[in-house]
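# Architecture and fold: a report
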Amino acid sequence: MPVVRFYPTSQALTVPHGMRLLDVCYDAGVEITASCGGGGTCGKCRIKILEGDVPSGGGHDGALSKEELAEGWRLSCLIHVESDLTVDVSHIVKRRDQILTDLIPFDLVPDHGIYTVNAHLPEPELGKTLSDVERLQETLAATSAVTLNAGLIPYAILQSLPQHLRQSNGACRIVAEENRILTLLPAQDGDDENKPLGVAVDIGTTTVAAMLIDLESGHPLAVCSRVNPQTRMGDDVISRIAYARKGTSELKKIQSVILDALDAMVIELCESSGRQRENIARFTLAGNTTMQHLLLGIDPTPIAQAPYVPAVRDHVVLQSGHLQWQAMPGAVAEVLPAISGYVGGDIVAGIVATGIDRTDRNCLLVDIGTNGEIALASGGVLYACSTAAGPAFEGARIGQGMRASTGAISSVKWADDQLTIGTVDHAPARGICGTGLLDAVAALLHAGLLDETGRMLLADEMEVESDAAHSMAVLRMREATEGRYFVLAEDSPDFPDSPGCSEQGIVCLTQQDVREFQLAKGAIAAGILVLLEEAGIEPEDLDEVLLAGAFGNYLRGASALATGLLPPGVSLEKIRPVGNSALAGACAALLNRPVRQRARDVMRKARYVELSGSMAFQMAFAETMEFPVPE
Ligand code: FES
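I will try to describe carefully the structure that is included in this document. This structure is a prediction, so every number in the text was calculated from the model and none was measured.

Procedures and definitions
Residues numbered from 1 in each chain as written. Predicted model: local features only at pLDDT ≥ 70, side-chain atom pairs only at ≥ 80, totals over all residues. Heavy atoms only, no water. Helix = DSSP H or I, 4+ residues; strand = E, 2+ residues; numbered from the N terminus. Buried < 20%, exposed > 50% of the residue type's maximum accessible area, 1.4 Å probe, protein only. Pairing = 2+ DSSP bridges. Axes fitted to C-alpha atoms, helices over the stretch in contact; angles between N-to-C directions. Parallel < 35°, antiparallel > 145°, perpendicular 65-115°, else oblique. Contact = heavy atoms within 4.5 Å. Nonpolar A, V, L, I, M, F, W, Y, C, P; charged D, E, K, R; others polar. Phe/Tyr/Trp six-rings, centres within 6.5 Å; stacked < 30°, edge-to-face > 60°. Lys NZ or Arg CZ within 6 Å of the ring centre and 35° of its normal. Salt bridge = Lys/Arg side-chain N within 4 Å of Asp/Glu carboxyl O. Polar contact = N/O pair within 3.5 Å; in protein donor to acceptor, adjacent residues only side chain to side chain.

### Topic: unusual backbone geometry
Residues Tyr7 and Pro8 are joined by a peptide bond in cis, for which omega reads 10°. When you line up the elements, Pro8 lands in the loop between β1 (3–7) and β2 (12–14). Put simply, Ala306 and Pro307 share a cis peptide bond, and its omega is 10°. Topologically, Pro307 is positioned in the loop between α7 (289–296) and β15 (316–319). One non-glycine residue, Glu178, adopts positive backbone phi at about 55°. Position of Glu178 relative to the elements: it lies in the loop between β9 (171–177) and β10 (180–185). The partly exposed category is assigned to Glu178, whose relative accessible area is 43%. A positive phi is found at Asp425, a non-glycine position, where the angle reads about 65°. As for its placement among the helices and strands, Asp425 is situated in the loop between β21 (418–423) and β22 (431–432).

### What about the pairing of strand β11 (residues 197–203)?
Counting buried positions over the seven residues of β11 gives seven, a clear majority of the element. The alternating pattern of β11 places Leu197, Val199, Val201 and Ile203 and Gly198, Ala200 and Asp202 on opposite faces, both of which are buried. Pairing geometry for β11 and strand β12 (residues 207–214), over seven bridges, is antiparallel. Counted as the bridge partner of Gly198 is Ile213 from β12. Turn length for the β11-β12 hairpin, with the two strands adjacent in sequence and antiparallel, is three residues.

### Remarks on the packing of helix α5 (residues 237–244) against helix α6 (residues 248–273)
Look at α5 against α6: their axes get within 7 Å of each other, and the N-to-C directions meet at 130°. Between α5 and α6, the angle falls in the class oblique. Between α5 and α6, the contacting residues are Arg240, Tyr243 and Ala244 on the first element and Glu250, Leu251, Lys253 and Ile254 on the second. When the residues that make up the contact of α5 with α6 are grouped by side-chain class, the tally is four nonpolar, no polar and three charged.

### Some words on the packing of aromatic side chains
Think of a pair of aromatic rings as described by two things: how far the centres are apart, and how the planes are tilted against each other in angle. Across all of its chains, the model carries six aromatic pairs by this definition. A centroid spacing of 6.1 Å and a plane angle of 70° characterise the contact between Tyr308 and Tyr342, whose relative ring orientation is edge-to-face. Of this pair, Tyr308 sits in the loop between α7 and β15 while Tyr342 is found in the loop between β16 (332–335) and α8 (345–354), placing the two residues 34 residues apart along the sequence. Here Tyr342 falls in the buried class, since its relative accessible area comes to 17%. Over the aromatic face of Trp73 sits the side chain of Arg46, whose NZ or CZ is 5.9 Å from the ring centroid.

### Remarks on the packing of helix α14 (residues 581–591) against helix α15 (residues 593–605)
The interhelical angle for the contact between α14 and α15, taken along N-to-C directions, is 125°, at an axis separation of 5 Å. Of the possible angle classes, the one that applies to α14 and α15 is oblique. On α15, the residues that touch Ala588, Ala589, Leu590 and Leu591 of α14 are Arg593, Val595 and Arg596. Residue composition of the contact of α14 with α15, grouped by class: five nonpolar, no polar and two charged.

### Points about the pattern of salt bridges
Counted by the stated rule, this structure contains 25 salt bridges. One network of salt bridges, with partners in common, ties together Glu177, Arg180, Arg282, Glu334 and Arg596.

### Digging into the side chain of Asp513
The topology assignment puts Asp513 in helix α11 (residues 511–535). From its side chain, Asp513 meets the backbone nitrogen of Gly399 in a polar contact 2.9 Å long. A polar side-chain atom of Asp513 sits 2.9 Å from the main-chain amide nitrogen of Thr510. Excluding residues within four positions of it along the chain, Asp513 makes contact with Arg397, Ile398, Gly399 and Cys508.

Written out as structure tokens, the structure reads:
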């Protein structure tokens with residue numbers, strides 16, 4: 001079998017003949033970006049082959065130049081390993097992604113229906129036909145007024161019950177949820193370690209966050225997060241669906257990577273809090289509709305085809321054992337309900353977490369990912385829609401776009417005639433993430449280097465308001481045959497060239513990036529305007545604008561208004577970040593049965609507004625693509 005060696009780590013892997021080099025990289029822990037899911041179109045998975053037979057393919061569709069191909073650069077998703085190779089991955093840094101686990105505070109009295117009771121069963125008697133289960137039922141009914149449903153006793157508990165009772169002289173402790181036994185424990189006073197636990201999960205397209213909760217107190221015990229490992233199968237929902245629809249084995253694979261990741265996260269949560277997985281009584285999960293389908297191993301293909309129908313909208317409750325997660329024998333996993341194929345359980349969770357399903361005020365909730373999921377509460381009615389914002393805010397389709405991880409430009413400010421750039425972890429700039437993109441466009445608009453159509457202006461085209469802005473344009477606004485670009489940072493570590501930007505060692509915003517941004521922000525703003533129109537209110541009437549998700553949480557409201565991501569009329573004071581509202585909603589639903597019911601009510605009652613083919617949306621989009629004229 002061929003051996004693949006990595007430079008500069010010297011790590012070596014022996015791999016089967018024909019294995020895709022991208023997968024070899026992942027197996028070696030190389031965090032390669034594969035925005036298009038291995039489709040050979042994004043150009044982000046490039047590596048350089050230093051030794052071995054350099055395959056002739058691997059530079060599909062002009063993603064690599066002739067010079068780069070001659071130097072040994074290839075797209076790792078298009079290369080299959082047939083002989084020993086040495087691969088340079090020195091341009092791929094180990095990233096530390098910023099993942100949002102902040103929650104809005106919610107004050108809920110636990111009401112999850114899970115409880116622990118001790119029981120001491122009488123000795124079985126000769127001549128009486130009562131079984132162990134019946135004696136348990138009778139004892140619990142008499143001492144704790146608990147009615148157990150014998151038909152719902154997990155198989156594993158039935159198998160262990162006889163021995164358990166005889167070894168303990170009839171003493172036992174059970175954890176039950178309403179009338180179902182979840183687990184059987186030795187009789188003892190409940191110590192902290194054996195208290196029932198719950199796990200709430202937000203499965204985002206890009207990142208996954210999970211929280212371990214003590215179900216008795218309702219207190220969080222530990223939180224963890226990681227990049228969704230499905231990103232190797234595509235950065236966005238559509239490329240994941242494309243991957244899953246290739247066949248049954250691909251669907252199984254994309255399901256198993258998320259199940260395995262969640263399993264590993266639960267282990268991490270338990271280890272960091274000194275708790276046992278065997279004490280987990282319930283999992284509650286929220287994600288967009290496609291992530292929820294993939295978690296359940298359900299083919300999401302129809303979600304990508306008109307009329308975009310999901311297999312299931314309602315909540316799904318199944319034994320956690322079906323998902324191969326270790327927990328109490330009777331533990332269940334609940335996947336929260338969705339509103340439509342593109343308004344998922346994550347936004348439903350956000351709605352119940354923020355309480356906009358119960359407000360009389362005009363409240364807008366916007367969760368911006370590759371789709372902008374938008375909910376509006378007005379006049380006691382909930383409206384919801386989803387707009388295809390595209391992945392620009394997650395760093396995809398932006399020449400030097402990247403996720404919010406080490407080295408990403410995350411803030412850009414033009415104030416007091418000074419340009420200030422901030423990066424994640426204060427590391428040298430390597431690329432630009434969503435908040436950096438938004439800020440950069442706002443800064444260029446503010447300084448007069450962008451006009452309202454989105455055209456980048458050279459120094460001599462500016463209607464100059466300040467000498468400093470003019471000097472900045474002279475220094476940083478450049479033009480190449482591919483188009484104009486604005487230099488955000490120089491002396492940057494090696495980074496794949498940005499389309500439209502031929503200089504090495506810089507991070508820049510190109511004219512094409514601005515166009516991608518306009519498409520994305522225009523779609524969000526147009527979606528908001530359509531919902532407002534449905535409700536018969538104006539942006540000025542909004543009492544609150546709640547921004548959810550990592551991008552929404554960290555973005556600067558002033559930049560969102562300056563660029564028109566939020567429509568004119570929205571006031572800055574009304575904008576409020578709400579953290580990871582999907583995780584907050586999953587926690588609330590885990591802890592509280594009425595919240596679960598509210599989530600189902602939201603699914604049933606929300607008025608879904610379809611934007612594809614909507615003339616109102618098209619007209620709004622044509623306007624919102626442009627930038628507001630700076631005041
Ligand atoms: S080109 Fe290889 S993953 Fe996109």
